[in-house]
Amino acid sequence: MRQVVVLGAGLAGLLAAAALARPGRTVTLVERDDLPDTPGPRRGVPQSPQPHVFLHRGVQAVEELLPGTRADLVAAGAVVIDTGDLAWLASAGWAARVRQLDILSVTRPVFEHVVRQHVRTLPGVVLRTGVRVDGLAHAPVGGPDSHAWDVEVADGDPLPADLVVDATGRSSRLPSWLEHLGVSPARTDTLDARVGYSSWVVDLPHDRVGVPGIVVQTQPGGTGGIAVPVEGDRWIVGAVGAGDQRPPRDPDALLAFLDTLPDPAIAELAGAGRAVSDVAVHRQTGNQRHRYDLLPDWPDGLLVVGDALCAFNPVYGQGVTVAALEALALRTADRRRTLTRPGGAHALVRRLRRLTDLPWDIATGVDRDFVPSARRASPARRAMGRWIGEVNRLGAHGDTRAQLALGRLYHLVASPLTLLHPALVVRVVRARRRGYGPPVPRPQILVPTPTPDPA
Ligand SMILES: Cc1cc2nc3c(=O)[nH]c(=O)nc-3n(C[C@H](O)[C@H](O)[C@H](O)COP(=O)(O)OP(=O)(O)OC[C@H]3O[C@@H](n4cnc5c(N)ncnc54)[C@H](O)[C@@H]3O)c2cc1C
(Lines give C-alpha, C1' and ligand atoms only; values in the text may rest on other atoms or scores of the structure.)
Protein backbone atom coordinates (compact mmCIF):
# COMPACT_ATOMS: atom_id res chain seq x y z
CA MET A 1 0.00 0.00 0.00
CA ARG A 2 1.94 3.00 -1.23
CA GLN A 3 -0.70 5.66 -1.64
CA VAL A 4 -3.36 6.41 0.95
CA VAL A 5 -5.85 9.23 0.51
CA VAL A 6 -7.75 10.44 3.57
CA LEU A 7 -10.82 12.55 2.79
CA GLY A 8 -11.29 15.37 5.32
CA ALA A 9 -8.72 16.82 7.73
CA GLY A 10 -10.93 17.12 10.79
CA LEU A 11 -9.81 15.23 13.88
CA ALA A 12 -10.86 11.80 12.57
CA GLY A 13 -8.98 12.37 9.30
CA LEU A 14 -5.86 13.69 11.04
CA LEU A 15 -5.77 10.75 13.45
CA ALA A 16 -6.35 8.24 10.63
CA ALA A 17 -3.43 9.81 8.75
CA ALA A 18 -1.27 9.53 11.87
CA ALA A 19 -2.19 5.85 12.14
CA LEU A 20 -1.28 5.06 8.54
CA ALA A 21 1.81 7.25 7.99
CA ARG A 22 5.05 5.35 7.57
CA PRO A 23 8.25 5.71 5.57
CA GLY A 24 7.88 4.70 1.92
CA ARG A 25 4.18 5.60 1.79
CA THR A 26 2.36 8.79 0.87
CA VAL A 27 -0.67 9.69 2.94
CA THR A 28 -2.54 12.59 1.33
CA LEU A 29 -5.12 14.42 3.41
CA VAL A 30 -7.61 16.22 1.19
CA GLU A 31 -9.49 19.02 2.92
CA ARG A 32 -12.15 21.31 1.47
CA ASP A 33 -11.33 24.23 3.79
CA ASP A 34 -8.26 26.43 3.63
CA LEU A 35 -6.75 25.58 6.98
CA PRO A 36 -5.54 28.48 9.14
CA ASP A 37 -1.91 28.55 10.34
CA THR A 38 -3.09 29.49 13.81
CA PRO A 39 -6.00 28.02 15.81
CA GLY A 40 -9.27 29.45 14.61
CA PRO A 41 -12.79 28.66 13.49
CA ARG A 42 -13.47 27.35 10.01
CA ARG A 43 -16.48 26.49 7.91
CA GLY A 44 -16.05 22.70 7.84
CA VAL A 45 -16.17 22.41 11.64
CA PRO A 46 -19.19 24.52 12.63
CA GLN A 47 -19.16 22.92 16.09
CA SER A 48 -15.81 24.51 16.96
CA PRO A 49 -17.15 27.33 19.22
CA GLN A 50 -19.05 24.80 21.33
CA PRO A 51 -17.60 23.31 24.53
CA HIS A 52 -15.54 20.20 23.89
CA VAL A 53 -14.42 17.73 26.51
CA PHE A 54 -11.64 15.35 25.55
CA LEU A 55 -12.16 12.17 27.55
CA HIS A 56 -9.33 10.41 29.33
CA ARG A 57 -9.26 7.43 26.95
CA GLY A 58 -9.27 9.75 23.95
CA VAL A 59 -6.34 11.87 25.11
CA GLN A 60 -4.43 8.65 25.90
CA ALA A 61 -5.14 7.27 22.42
CA VAL A 62 -4.11 10.54 20.72
CA GLU A 63 -0.86 10.43 22.71
CA GLU A 64 -0.26 6.83 21.58
CA LEU A 65 -0.69 7.93 17.97
CA LEU A 66 1.18 11.23 18.25
CA PRO A 67 3.58 11.21 21.21
CA GLY A 68 4.05 14.64 22.77
CA THR A 69 0.59 15.96 21.87
CA ARG A 70 -0.60 16.12 25.44
CA ALA A 71 2.36 18.21 26.59
CA ASP A 72 1.90 20.53 23.61
CA LEU A 73 -1.78 20.95 24.40
CA VAL A 74 -0.96 21.85 27.99
CA ALA A 75 1.71 24.29 26.73
CA ALA A 76 -0.98 25.82 24.48
CA GLY A 77 -3.15 26.48 27.52
CA ALA A 78 -5.22 23.30 27.92
CA VAL A 79 -6.41 22.93 31.50
CA VAL A 80 -5.96 19.51 33.12
CA ILE A 81 -9.03 18.68 35.17
CA ASP A 82 -9.60 15.74 37.45
CA THR A 83 -13.17 14.76 36.57
CA GLY A 84 -13.72 13.86 40.20
CA ASP A 85 -13.26 17.51 41.16
CA LEU A 86 -15.96 18.79 38.80
CA ALA A 87 -19.18 20.07 40.28
CA TRP A 88 -21.36 17.46 38.61
CA LEU A 89 -25.11 17.46 39.08
CA ALA A 90 -26.89 14.29 37.96
CA SER A 91 -30.62 13.75 38.41
CA ALA A 92 -29.80 11.91 41.69
CA GLY A 93 -27.91 14.94 43.05
CA TRP A 94 -24.34 16.29 43.24
CA ALA A 95 -21.73 13.60 42.57
CA ALA A 96 -19.26 12.61 45.28
CA ARG A 97 -15.95 14.39 44.73
CA VAL A 98 -13.17 11.84 44.58
CA ARG A 99 -9.84 11.48 42.74
CA GLN A 100 -10.72 10.23 39.26
CA LEU A 101 -9.42 10.19 35.71
CA ASP A 102 -8.32 13.46 34.21
CA ILE A 103 -9.40 15.24 31.06
CA LEU A 104 -8.05 18.13 29.04
CA SER A 105 -10.18 21.21 28.68
CA VAL A 106 -9.28 23.35 25.71
CA THR A 107 -11.13 24.93 22.81
CA ARG A 108 -11.74 22.72 19.81
CA PRO A 109 -9.68 24.92 17.40
CA VAL A 110 -6.59 24.66 19.64
CA PHE A 111 -6.97 20.89 20.01
CA GLU A 112 -7.26 20.42 16.27
CA HIS A 113 -4.40 22.84 15.57
CA VAL A 114 -1.97 21.01 17.89
CA VAL A 115 -2.92 17.62 16.44
CA ARG A 116 -2.56 19.01 12.90
CA GLN A 117 0.92 20.40 13.64
CA HIS A 118 2.02 16.95 14.79
CA VAL A 119 0.52 15.22 11.76
CA ARG A 120 2.21 17.66 9.36
CA THR A 121 5.64 16.50 10.56
CA LEU A 122 5.00 12.78 9.95
CA PRO A 123 6.90 11.10 7.11
CA GLY A 124 5.03 11.01 3.81
CA VAL A 125 2.02 13.06 4.99
CA VAL A 126 0.82 15.65 2.47
CA LEU A 127 -1.94 18.09 3.36
CA ARG A 128 -3.91 19.40 0.37
CA THR A 129 -6.23 22.15 1.46
CA GLY A 130 -8.93 24.04 -0.37
CA VAL A 131 -9.73 20.87 -2.36
CA ARG A 132 -13.23 19.39 -2.34
CA VAL A 133 -13.69 15.67 -2.93
CA ASP A 134 -16.56 14.98 -5.31
CA GLY A 135 -16.61 11.22 -5.69
CA LEU A 136 -14.82 7.91 -6.00
CA ALA A 137 -14.16 5.76 -9.04
CA HIS A 138 -12.50 2.38 -9.47
CA ALA A 139 -9.20 2.91 -11.28
CA PRO A 140 -8.62 1.15 -14.62
CA VAL A 141 -7.03 -2.27 -14.03
CA GLY A 142 -3.40 -2.96 -15.04
CA GLY A 143 -0.51 -0.71 -16.01
CA PRO A 144 2.79 -0.09 -14.20
CA ASP A 145 1.19 2.38 -11.79
CA SER A 146 -1.84 0.28 -10.92
CA HIS A 147 -3.94 1.44 -7.97
CA ALA A 148 -7.45 0.72 -6.72
CA TRP A 149 -9.13 4.13 -6.64
CA ASP A 150 -9.31 7.47 -8.35
CA VAL A 151 -10.47 10.11 -5.90
CA GLU A 152 -12.37 12.73 -7.87
CA VAL A 153 -11.81 16.29 -6.77
CA ALA A 154 -13.35 19.57 -7.89
CA ASP A 155 -11.15 21.47 -10.36
CA GLY A 156 -8.29 18.99 -10.57
CA ASP A 157 -6.97 15.64 -11.71
CA PRO A 158 -8.16 12.58 -9.79
CA LEU A 159 -5.86 11.42 -7.01
CA PRO A 160 -4.69 7.80 -7.24
CA ALA A 161 -5.06 5.69 -4.09
CA ASP A 162 -4.54 2.12 -2.95
CA LEU A 163 -6.59 2.88 0.15
CA VAL A 164 -9.21 5.59 0.68
CA VAL A 165 -10.39 6.62 4.15
CA ASP A 166 -13.56 8.70 4.33
CA ALA A 167 -13.38 11.12 7.27
CA THR A 168 -15.66 13.87 5.92
CA GLY A 169 -17.85 13.96 9.01
CA ARG A 170 -21.56 13.84 9.63
CA SER A 171 -22.51 15.09 6.18
CA SER A 172 -20.32 12.53 4.37
CA ARG A 173 -21.55 11.86 0.84
CA LEU A 174 -20.22 8.31 0.87
CA PRO A 175 -23.74 6.81 0.65
CA SER A 176 -24.31 8.48 -2.72
CA TRP A 177 -20.76 7.80 -3.96
CA LEU A 178 -21.28 4.10 -3.17
CA GLU A 179 -24.60 4.16 -5.01
CA HIS A 180 -22.81 5.42 -8.12
CA LEU A 181 -20.37 2.52 -7.77
CA GLY A 182 -23.29 0.08 -7.71
CA VAL A 183 -22.77 -0.96 -4.07
CA SER A 184 -25.91 -1.91 -2.13
CA PRO A 185 -27.30 0.90 0.07
CA ALA A 186 -26.45 0.67 3.76
CA ARG A 187 -29.04 0.95 6.51
CA THR A 188 -28.67 4.12 8.59
CA ASP A 189 -29.74 4.06 12.23
CA THR A 190 -30.79 7.45 13.56
CA LEU A 191 -32.10 8.78 16.81
CA ASP A 192 -32.41 12.54 16.96
CA ALA A 193 -33.50 14.08 20.25
CA ARG A 194 -33.19 17.50 18.54
CA VAL A 195 -30.64 18.67 21.05
CA GLY A 196 -29.51 22.27 20.65
CA TYR A 197 -26.40 23.96 22.05
CA SER A 198 -26.02 27.67 22.82
CA SER A 199 -22.61 28.70 24.08
CA TRP A 200 -20.42 31.67 24.64
CA VAL A 201 -17.01 32.55 26.06
CA VAL A 202 -16.67 34.31 29.38
CA ASP A 203 -13.60 36.07 30.73
CA LEU A 204 -13.21 35.08 34.37
CA PRO A 205 -9.94 34.22 36.16
CA HIS A 206 -9.94 30.50 36.87
CA ASP A 207 -9.06 31.10 40.52
CA ARG A 208 -12.30 33.09 41.00
CA VAL A 209 -14.18 29.81 40.73
CA GLY A 210 -14.10 27.22 43.50
CA VAL A 211 -14.50 24.23 41.19
CA PRO A 212 -12.58 23.31 38.03
CA GLY A 213 -15.79 23.06 36.00
CA ILE A 214 -19.53 22.50 36.24
CA VAL A 215 -21.71 19.93 34.55
CA VAL A 216 -25.47 19.96 34.98
CA GLN A 217 -26.27 16.64 33.35
CA THR A 218 -29.31 16.56 31.09
CA GLN A 219 -32.30 16.34 33.39
CA PRO A 220 -35.57 14.51 32.76
CA GLY A 221 -36.98 17.70 31.14
CA GLY A 222 -34.16 17.52 28.57
CA THR A 223 -32.12 20.54 29.65
CA GLY A 224 -28.60 20.83 31.03
CA GLY A 225 -25.41 22.83 30.79
CA ILE A 226 -21.68 22.95 31.16
CA ALA A 227 -19.00 25.48 32.08
CA VAL A 228 -15.38 24.52 31.51
CA PRO A 229 -12.16 26.51 31.75
CA VAL A 230 -10.14 26.95 28.58
CA GLU A 231 -6.89 28.65 27.62
CA GLY A 232 -6.36 32.28 28.62
CA ASP A 233 -8.34 32.41 31.89
CA ARG A 234 -11.57 32.00 29.99
CA TRP A 235 -14.54 29.73 30.30
CA ILE A 236 -16.81 28.23 27.70
CA VAL A 237 -20.33 28.27 29.03
CA GLY A 238 -22.90 26.16 27.23
CA ALA A 239 -26.55 25.32 27.62
CA VAL A 240 -28.24 22.32 26.03
CA GLY A 241 -31.85 21.38 25.61
CA ALA A 242 -33.80 18.80 23.63
CA GLY A 243 -36.82 19.34 21.37
CA ASP A 244 -38.87 22.36 22.42
CA GLN A 245 -36.44 23.02 25.27
CA ARG A 246 -33.56 24.11 23.05
CA PRO A 247 -31.68 27.06 24.53
CA PRO A 248 -32.07 30.51 22.97
CA ARG A 249 -29.52 32.66 21.12
CA ASP A 250 -30.22 35.93 22.94
CA PRO A 251 -27.62 36.40 25.75
CA ASP A 252 -30.09 37.60 28.42
CA ALA A 253 -32.58 34.86 27.59
CA LEU A 254 -29.75 32.35 27.71
CA LEU A 255 -28.71 33.42 31.21
CA ALA A 256 -32.35 33.14 32.25
CA PHE A 257 -32.44 29.63 30.71
CA LEU A 258 -29.38 28.59 32.75
CA ASP A 259 -31.06 30.00 35.83
CA THR A 260 -33.99 27.61 35.39
CA LEU A 261 -31.82 24.47 35.49
CA PRO A 262 -32.27 22.42 38.68
CA ASP A 263 -29.32 24.37 40.08
CA PRO A 264 -28.28 27.85 38.90
CA ALA A 265 -24.54 27.09 39.36
CA ILE A 266 -23.67 27.76 35.71
CA ALA A 267 -25.67 30.99 35.59
CA GLU A 268 -23.84 32.08 38.75
CA LEU A 269 -20.45 31.47 37.14
CA ALA A 270 -21.43 33.10 33.84
CA GLY A 271 -22.89 36.14 35.60
CA ALA A 272 -19.61 36.73 37.46
CA GLY A 273 -17.60 37.03 34.24
CA ARG A 274 -17.61 39.23 31.16
CA ALA A 275 -18.91 37.81 27.89
CA VAL A 276 -16.19 38.03 25.23
CA SER A 277 -17.95 36.32 22.34
CA ASP A 278 -21.35 36.20 20.72
CA VAL A 279 -23.63 33.29 21.50
CA ALA A 280 -22.95 30.41 19.07
CA VAL A 281 -25.83 28.03 18.36
CA HIS A 282 -25.50 24.48 17.05
CA ARG A 283 -28.36 22.12 16.35
CA GLN A 284 -27.03 19.26 14.26
CA THR A 285 -26.62 16.72 17.00
CA GLY A 286 -28.70 13.62 16.21
CA ASN A 287 -27.22 10.15 16.67
CA GLN A 288 -26.54 8.67 13.23
CA ARG A 289 -24.81 5.41 12.36
CA HIS A 290 -24.31 4.00 8.86
CA ARG A 291 -24.37 0.22 8.99
CA TYR A 292 -21.70 -0.34 6.34
CA ASP A 293 -20.67 -3.36 8.40
CA LEU A 294 -23.78 -5.19 7.13
CA LEU A 295 -23.09 -4.71 3.40
CA PRO A 296 -22.37 -7.89 1.45
CA ASP A 297 -20.46 -6.06 -1.32
CA TRP A 298 -18.26 -3.51 0.49
CA PRO A 299 -15.34 -2.67 -1.82
CA ASP A 300 -11.74 -3.53 -0.92
CA GLY A 301 -9.43 -0.60 -0.20
CA LEU A 302 -12.10 1.63 1.35
CA LEU A 303 -12.57 2.63 4.99
CA VAL A 304 -14.74 5.11 6.84
CA VAL A 305 -14.06 6.65 10.25
CA GLY A 306 -15.26 9.30 12.69
CA ASP A 307 -18.60 11.03 12.32
CA ALA A 308 -18.84 9.79 8.72
CA LEU A 309 -19.34 6.31 10.18
CA CYS A 310 -21.08 7.13 13.45
CA ALA A 311 -21.95 10.51 14.91
CA PHE A 312 -23.28 10.81 18.45
CA ASN A 313 -25.32 13.33 20.35
CA PRO A 314 -22.25 15.23 21.56
CA VAL A 315 -23.36 15.92 25.13
CA TYR A 316 -21.43 12.82 26.25
CA GLY A 317 -18.20 14.15 24.69
CA GLN A 318 -17.38 10.87 22.93
CA GLY A 319 -16.74 11.73 19.25
CA VAL A 320 -13.02 12.50 19.37
CA THR A 321 -12.29 9.58 21.67
CA VAL A 322 -14.06 7.19 19.33
CA ALA A 323 -12.18 8.65 16.33
CA ALA A 324 -8.87 8.11 18.18
CA LEU A 325 -9.76 4.52 19.10
CA GLU A 326 -10.71 3.86 15.49
CA ALA A 327 -7.34 5.23 14.39
CA LEU A 328 -5.58 2.83 16.76
CA ALA A 329 -7.57 -0.04 15.24
CA LEU A 330 -6.49 1.15 11.78
CA ARG A 331 -2.86 1.17 12.85
CA THR A 332 -3.09 -2.38 14.23
CA ALA A 333 -4.74 -3.71 11.05
CA ASP A 334 -2.11 -1.96 8.91
CA ARG A 335 0.75 -3.38 10.95
CA ARG A 336 -0.73 -6.88 10.64
CA ARG A 337 -1.09 -6.29 6.90
CA THR A 338 -4.72 -7.40 7.02
CA LEU A 339 -5.98 -4.28 5.24
CA THR A 340 -4.67 -5.33 1.84
CA ARG A 341 -6.18 -8.82 1.97
CA PRO A 342 -9.43 -9.35 0.04
CA GLY A 343 -12.22 -8.51 2.48
CA GLY A 344 -9.68 -6.97 4.90
CA ALA A 345 -11.13 -3.46 4.71
CA HIS A 346 -14.64 -4.72 5.40
CA ALA A 347 -13.40 -6.79 8.35
CA LEU A 348 -11.99 -3.55 9.77
CA VAL A 349 -15.24 -1.64 9.09
CA ARG A 350 -17.02 -4.34 11.13
CA ARG A 351 -14.48 -3.92 13.93
CA LEU A 352 -14.91 -0.11 13.86
CA ARG A 353 -18.68 -0.55 14.14
CA ARG A 354 -18.15 -2.69 17.25
CA LEU A 355 -16.02 0.12 18.72
CA THR A 356 -19.02 2.43 18.41
CA ASP A 357 -21.39 0.06 20.25
CA LEU A 358 -20.80 1.24 23.83
CA PRO A 359 -20.82 5.01 23.11
CA TRP A 360 -23.86 4.51 20.88
CA ASP A 361 -25.69 2.72 23.70
CA ILE A 362 -24.73 5.47 26.16
CA ALA A 363 -25.91 8.28 23.88
CA THR A 364 -29.07 6.67 22.55
CA GLY A 365 -30.00 5.13 25.93
CA VAL A 366 -30.83 8.55 27.36
CA ASP A 367 -31.99 10.20 24.11
CA ARG A 368 -34.66 7.57 23.58
CA ASP A 369 -36.67 9.23 26.38
CA PHE A 370 -36.89 12.44 24.31
CA VAL A 371 -37.99 10.83 21.05
CA PRO A 372 -41.60 9.66 21.36
CA SER A 373 -41.43 7.63 18.14
CA ALA A 374 -38.23 5.78 19.15
CA ARG A 375 -38.38 2.04 19.58
CA ARG A 376 -38.08 1.05 23.23
CA ALA A 377 -34.70 -0.24 24.31
CA SER A 378 -34.41 -3.98 24.86
CA PRO A 379 -35.37 -5.24 28.35
CA ALA A 380 -31.69 -5.91 29.12
CA ARG A 381 -30.73 -2.31 28.21
CA ARG A 382 -33.65 -0.91 30.22
CA ALA A 383 -32.56 -2.97 33.22
CA MET A 384 -29.00 -1.68 32.80
CA GLY A 385 -30.33 1.90 32.59
CA ARG A 386 -32.21 1.44 35.88
CA TRP A 387 -29.12 -0.07 37.47
CA ILE A 388 -26.96 2.88 36.38
CA GLY A 389 -29.60 5.10 38.06
CA GLU A 390 -29.11 3.12 41.29
CA VAL A 391 -25.33 3.49 41.15
CA ASN A 392 -25.73 7.21 40.43
CA ARG A 393 -27.89 7.55 43.50
CA LEU A 394 -25.18 5.91 45.62
CA GLY A 395 -22.63 8.32 44.17
CA ALA A 396 -24.86 11.28 45.01
CA HIS A 397 -24.82 10.12 48.62
CA GLY A 398 -21.07 10.09 48.92
CA ASP A 399 -20.20 6.54 47.80
CA THR A 400 -16.80 7.00 46.18
CA ARG A 401 -16.64 3.45 44.80
CA ALA A 402 -19.87 4.07 42.88
CA GLN A 403 -18.56 7.40 41.60
CA LEU A 404 -15.28 5.87 40.43
CA ALA A 405 -17.09 3.09 38.55
CA LEU A 406 -19.36 5.64 36.82
CA GLY A 407 -16.36 7.78 35.93
CA ARG A 408 -14.54 4.89 34.27
CA LEU A 409 -17.60 4.15 32.16
CA TYR A 410 -17.97 7.83 31.20
CA HIS A 411 -14.34 7.93 30.06
CA LEU A 412 -14.84 4.77 27.98
CA VAL A 413 -12.13 2.92 29.89
CA ALA A 414 -14.46 0.30 31.41
CA SER A 415 -17.51 -1.66 30.28
CA PRO A 416 -20.96 -1.19 31.88
CA LEU A 417 -20.55 -4.71 33.28
CA THR A 418 -18.08 -3.29 35.82
CA LEU A 419 -21.09 -1.60 37.42
CA LEU A 420 -22.30 -5.08 38.34
CA HIS A 421 -19.27 -5.74 40.55
CA PRO A 422 -20.46 -7.69 43.64
CA ALA A 423 -19.14 -4.98 45.98
CA LEU A 424 -21.35 -2.39 44.25
CA VAL A 425 -24.36 -4.70 44.27
CA VAL A 426 -23.94 -5.19 48.03
CA ARG A 427 -23.73 -1.41 48.56
CA VAL A 428 -26.85 -0.73 46.52
CA VAL A 429 -28.83 -3.42 48.37
CA ARG A 430 -27.59 -2.16 51.73
CA ALA A 431 -28.44 1.45 50.91
CA ARG A 432 -31.93 0.51 49.76
CA ARG A 433 -32.54 -1.36 53.03
CA ARG A 434 -30.87 0.95 55.52
CA GLY A 435 -30.95 4.29 53.75
CA TYR A 436 -28.51 6.25 51.63
CA GLY A 437 -26.99 8.61 54.15
CA PRO A 438 -26.73 12.35 53.63
CA PRO A 439 -26.60 13.70 50.07
CA VAL A 440 -23.38 15.26 48.79
CA PRO A 441 -23.55 18.98 49.60
CA ARG A 442 -23.63 21.57 46.82
CA PRO A 443 -20.09 22.72 46.05
CA GLN A 444 -19.27 26.39 46.42
CA ILE A 445 -19.13 27.86 42.94
CA LEU A 446 -17.55 31.30 43.33
CA VAL A 447 -14.63 32.04 45.61
CA PRO A 448 -15.68 34.99 47.78
CA THR A 449 -13.67 38.09 46.92
CA PRO A 450 -12.13 39.72 50.00
CA THR A 451 -14.10 42.81 51.00
CA PRO A 452 -11.88 45.88 50.70
CA ASP A 453 -10.67 47.28 53.98
CA PRO A 454 -12.63 50.56 54.49
CA ALA A 455 -9.53 52.08 56.07
C1 LIG B 1 -21.90 20.76 19.28
C2 LIG B 1 -20.87 19.67 19.30
C3 LIG B 1 -20.10 19.46 20.43
C4 LIG B 1 -19.17 18.43 20.46
N5 LIG B 1 -18.48 18.19 21.61
C6 LIG B 1 -17.61 17.16 21.67
C7 LIG B 1 -16.88 16.90 22.86
O8 LIG B 1 -17.06 17.53 23.88
N9 LIG B 1 -15.99 15.87 22.84
C10 LIG B 1 -15.80 15.09 21.73
O11 LIG B 1 -14.98 14.16 21.77
N12 LIG B 1 -16.49 15.30 20.60
C13 LIG B 1 -17.39 16.31 20.53
N14 LIG B 1 -18.08 16.54 19.38
C15 LIG B 1 -17.91 15.61 18.25
C16 LIG B 1 -16.63 15.88 17.52
O17 LIG B 1 -16.61 17.22 17.06
C18 LIG B 1 -16.49 14.90 16.33
O19 LIG B 1 -17.01 13.65 16.66
C20 LIG B 1 -15.03 14.67 16.01
O21 LIG B 1 -14.41 15.89 15.82
C22 LIG B 1 -14.81 13.82 14.77
O23 LIG B 1 -15.24 14.54 13.68
P24 LIG B 1 -14.79 14.17 12.20
O25 LIG B 1 -13.37 14.49 12.01
O26 LIG B 1 -15.27 12.80 11.89
O27 LIG B 1 -15.70 15.18 11.37
P28 LIG B 1 -15.59 16.77 11.24
O29 LIG B 1 -15.06 17.39 12.45
O30 LIG B 1 -16.94 17.19 10.77
O31 LIG B 1 -14.52 16.97 10.07
C32 LIG B 1 -14.82 16.63 8.73
C33 LIG B 1 -13.81 17.34 7.84
O34 LIG B 1 -14.04 16.95 6.49
C35 LIG B 1 -14.04 18.09 5.66
N36 LIG B 1 -14.86 17.77 4.48
C37 LIG B 1 -16.20 17.53 4.45
N38 LIG B 1 -16.60 17.24 3.20
C39 LIG B 1 -15.48 17.28 2.41
C40 LIG B 1 -15.26 17.07 1.03
N41 LIG B 1 -16.25 16.72 0.20
N42 LIG B 1 -14.01 17.20 0.56
C43 LIG B 1 -12.97 17.53 1.39
N44 LIG B 1 -13.13 17.74 2.71
C45 LIG B 1 -14.38 17.62 3.23
C46 LIG B 1 -14.61 19.19 6.53
O47 LIG B 1 -14.25 20.48 6.06
C48 LIG B 1 -13.96 18.86 7.87
O49 LIG B 1 -12.68 19.43 7.99
C50 LIG B 1 -19.00 17.59 19.32
C51 LIG B 1 -19.76 17.81 18.17
C52 LIG B 1 -20.69 18.83 18.16
C53 LIG B 1 -21.54 19.00 16.92
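Residues numbered from 1 in each chain as written. Predicted model: local features only at pLDDT ≥ 70, side-chain atom pairs only at ≥ 80, totals over all residues. Heavy atoms only, no water.

### Some remarks on the overall build of the protein chain
Working step 1: Counting its regular elements, the protein chain contains twelve helices and 22 strands.
Working step 2: For the protein chain, the C-alpha radius of gyration of 23 Å lies close to 23 Å, the compact-globule estimate for 455 residues.
Working step 3: A total of 455 residues make up the protein chain; the buried ones form 53% of that total.
Working step 4: Pairs at least 24 residues apart make up 74% of the contacts formed inside the protein chain by residues separated by at least 6 positions.
Working step 5: Counting only carbon and sulfur atoms, one obtains 51% of the accessible surface of the protein chain, whose full area is about 20300 Å².
Working step 6: Distance between charge centroids for the protein chain: 9 Å, based on 51 positive and 46 negative side chains. (Helix = DSSP H or I, 4+ residues; strand = E, 2+ residues; numbered from the N terminus. Rg over C-alpha atoms; globule rule 2.2 N^0.38 Å. Buried < 20%, exposed > 50% of the residue type's maximum accessible area, 1.4 Å probe, protein only. Contact = heavy atoms within 4.5 Å. Areas by Shrake-Rupley, 256 points an atom, 1.4 Å probe, with all protein chains shown as cover. Lys, Arg positive; Asp, Glu negative; His and termini not counted. Charge placed at Lys NZ, Arg CZ, Asp CG, Glu CD.)

### Points about helix α1 (residues 11-20)
Working step 1: Counting buried positions over the ten residues of α1 gives ten, a clear majority of the element.
Working step 2: Listing the buried residues of α1 in full gives L11, A12, G13, L14, L15, A16, A17, A18, A19 and L20.
Working step 3: Elements in contact with the buried residues of α1: β1 (3-7), β2 (26-31), α2 (56-65), α4 (108-120), β12 (163-166) and α8 (319-335).

### Remarks on the site of the ligand
Working step 1: Around the ligand lies a shell of 29 residues, among which E31, V53, R108, D307 and V320 are the nearest.
Working step 2: Here an oxygen atom of the ligand and a side-chain polar atom of R108 are 2.6 Å apart.
Working step 3: G317 places a main-chain nitrogen or oxygen 3.3 Å from an oxygen atom of the ligand.
Working step 4: Protein burial of the ligand: of its 1000 Å² of free accessible surface, 95% is covered by the chains.
Working step 5: Contributions of two or more residues to the shell around the ligand are made by α1, β2 and α8.
Working step 6: Classifying every residue of the shell around the ligand gives ten nonpolar, 13 polar and six charged. (Near = heavy atom within 4 Å. Polar contact = N/O pair within 3.5 Å; in protein donor to acceptor, adjacent residues only side chain to side chain. Nonpolar A, V, L, I, M, F, W, Y, C, P; charged D, E, K, R; others polar.)

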